[in-house]
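Chain and residue survey
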Amino acid sequence: MNRTEVAGIGWAVAASDCAGGTDEAGESVADSKRVVVLASGNGSNLQALLDAGVEVVLVASDRPDAYALERGRLAGVDTAVVRPADHPDRRSFDRALRDLVAATRPDAVCLAGFMRVLGPEFVRAFPDRIVNTHPSLLPAFRGAHAVRDALAYGVRVSGCTVHLVDEEVDHGPVLFQAAVPVEDGDDEASLHERIKREEHRLLPVAVGLVASGRVRTDGRRAWLTAEVPGR
Ligand code: GRF
């Protein structure tokens with residue numbers, strides 16, 4: 001099998017050039033596959049996917065006020081809200097979200113600032129097809145306040161990690177990472193803004209590759225293969 005380590009130097013460099021590119025069959029890597037995006041907030045990462053030509057078939061949120069929903073509507077994408085408060089427990093929320101997403105027959109699911117932990121009911125339905133972006137260099141600073149925690153720790157370099165989702169939080173195999181230096185005078189907002197620029201660059205590439213079936217895993221390692229299923 002022709003395989004290349006996804007997170008290797010070559011790919012980190014190539015990633016900056018290949019968003020919206022074509023694969024060896026001349027087919028667009030990003031725009032021919034069906035992608036569902038889950039988002040809880042502003043949705044700048046969703047916007048990066050849309051701008052890169054990723055075919056987003058549904059934007060779903062746990063929050064009716066998420067601006068990501070408006071971004072989806074403006075782009076003509078179906079939107080949906082699944083509120084935890086409308087479900088008796090987490091399993092039932094996970095199932096409802098799973099069924100909603102599965103009904104769209106996605107090639108990939110992207111967590112783009114989705115601030116809920118998804119349980120096994122959801123994760124097992126889309127094995128190695130869920131991509132998350134996290135604003136730190138994992139495994140450092142997991143959790144909901146990664147940028148704040150990195151600043152409080154006094155790190156001089158942080159960054160982002162785009163990874164596959166498994167059943168642990170901020171944990172699955174790494175696809176891409178980018179380092180972002182901490183500058184004197186940075187606060188949470190300014191550092192997060194620069195980290196997001198890197199997320200916006202890497203996330204569409206990662207989602208395009210996963211949706212195209214080009215990513216394989218071997219334990220914690222993710223590999224890129226030239227083989228595309230069904231060809
Ligand atoms: C991103 O930095 C992502 O890593 C984190 O939440 C942020 C979402 O930003 N989980 P946006 O809503 O895409 O602008």
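Structure's up top.
Residues numbered from 1 in each chain as written. Predicted model: local features only at pLDDT ≥ 70, side-chain atom pairs only at ≥ 80, totals over all residues. Heavy atoms only, no water.

**A few points about the environment of proline 204**
- Locating proline 204 in the fold gives a position in helix H7 (residues 188-211).
- Taking the relative accessible area as the measure of exposure, proline 204 reaches 4% and is therefore buried.
- Between the C-alpha atoms of proline 204 and glycine 53, which are 151 residues apart in sequence, the distance is 8.6 Å.
- Those residues in contact with proline 204 that lie beyond four places of it in its chain are Ala48, Leu49, Ala52, Val54 and Glu199. (Helix = DSSP H or I, 4+ residues; strand = E, 2+ residues; numbered from the N terminus. Buried < 20%, exposed > 50% of the residue type's maximum accessible area, 1.4 Å probe, protein only. Contact = heavy atoms within 4.5 Å.)

**Topic: the sheet that holds strand E6 (residues 130-134)**
- The seven strands are arranged E4-E3-E2-E5-E6-E7-E8 in an open sheet whose pairing can be described as mixed. At either end of the open sheet lies a strand with only one pairing partner, and these are strand E4 (79-81) and strand E8 (174-181). Pairs of neighbouring strands in the sheet enclose a mean axial angle of 20 degrees, with direction left out of account.
- Examined bridge by bridge, strand E2 (residues 34-38) and strand E3 (residues 55-61) share five bridges and lie parallel to one another. Directly across from valine 35, in E3, lies its bridge partner valine 56. (Pairing = 2+ DSSP bridges. Axes fitted to C-alpha atoms, helices over the stretch in contact; angles between N-to-C directions.)

**Remarks on the packing of helix H6 (residues 146-153) against H7**
- Where H6 meets H7, the axes come as close as 9 Å, and the angle between the chain directions of the two elements is 115 degrees. Seen from above, H6 lies across H7 with right-handed handedness. Contacts between H6 and H7 pair Val147, Arg148 and Leu151 from the former with Glu188, Leu191, His192 and Ile195 from the latter.
- Broken down by class, the residue content of the contact of H6 with H7 amounts to four nonpolar, one polar and two charged. (Left-handed = near helix turned anticlockwise from the far one by under 90°. Nonpolar A, V, L, I, M, F, W, Y, C, P; charged D, E, K, R; others polar.)

**Focus: the pairing of strand E10 (residues 221-225)**
- Extensive coverage of E10 is indicated by the burial of four of its five residues.
- Sheet topology note: the strand E9 (residues 215-218)/E10 ladder contains four bridges and is antiparallel. Considered in E10, the bridge of valine 215 is made with leucine 224.
- A loop of two residues connects E9 with E10, the two strands running antiparallel in sequence, and glycine 219 in this loop sits at a positive phi of about 65 degrees.

**Section: the site of the ligand**
- Taken together, Gly41, Asn42, Gly43, Ser44, Asn45, Gly113, Thr133, His134, Pro135, His192, Lys196 and Glu199 are the residues near the ligand.
- In the model, an oxygen atom of the ligand is placed 2.8 Å from a nitrogen or oxygen of the asparagine 45 main chain.
- Relative to its unbound accessible area of 370 Å², the ligand is 90% covered by the protein chains.
- Taken atom by atom, the bulk of the ligand overlaps the largest pocket.
- At the level of elements, helix H2 (44-51), E6 and H7 are the ones that each hand at least two residues to the shell around the ligand.
- Top element by residues in the shell around the ligand is H7. It accounts for three residues. (Near = heavy atom within 4 Å. Polar contact = N/O pair within 3.5 Å; in protein donor to acceptor, adjacent residues only side chain to side chain. Areas by Shrake-Rupley, 256 points an atom, 1.4 Å probe, with all protein chains shown as cover. 1 Å grid on protein atoms, 1.4 Å probe; cavity = no way out; pocket = protein on both sides within 12 Å on 5 of 7 lines; lining within 4 Å. Sits in = over half its atoms within 2 Å of the grid points.)

**Notes on helix H3 (residues 67-74)**
- Within the sequence span of H3, burial applies to Ala68, Leu69, Arg71 and Gly72. Angular distribution of buried residues about the axis of H3 spans 160 degrees; they occupy a single face of the element.
- In this fold, the buried residues of H3 make contact with H2, E3 and E4.
- Downstream of H3 by one or two residues, glycine 76 has phi in the positive range, about 80 degrees. (Arc of directions from axis to C-beta.)

So, to be careful, I would describe these as geometric facts and stop short of saying anything about function.
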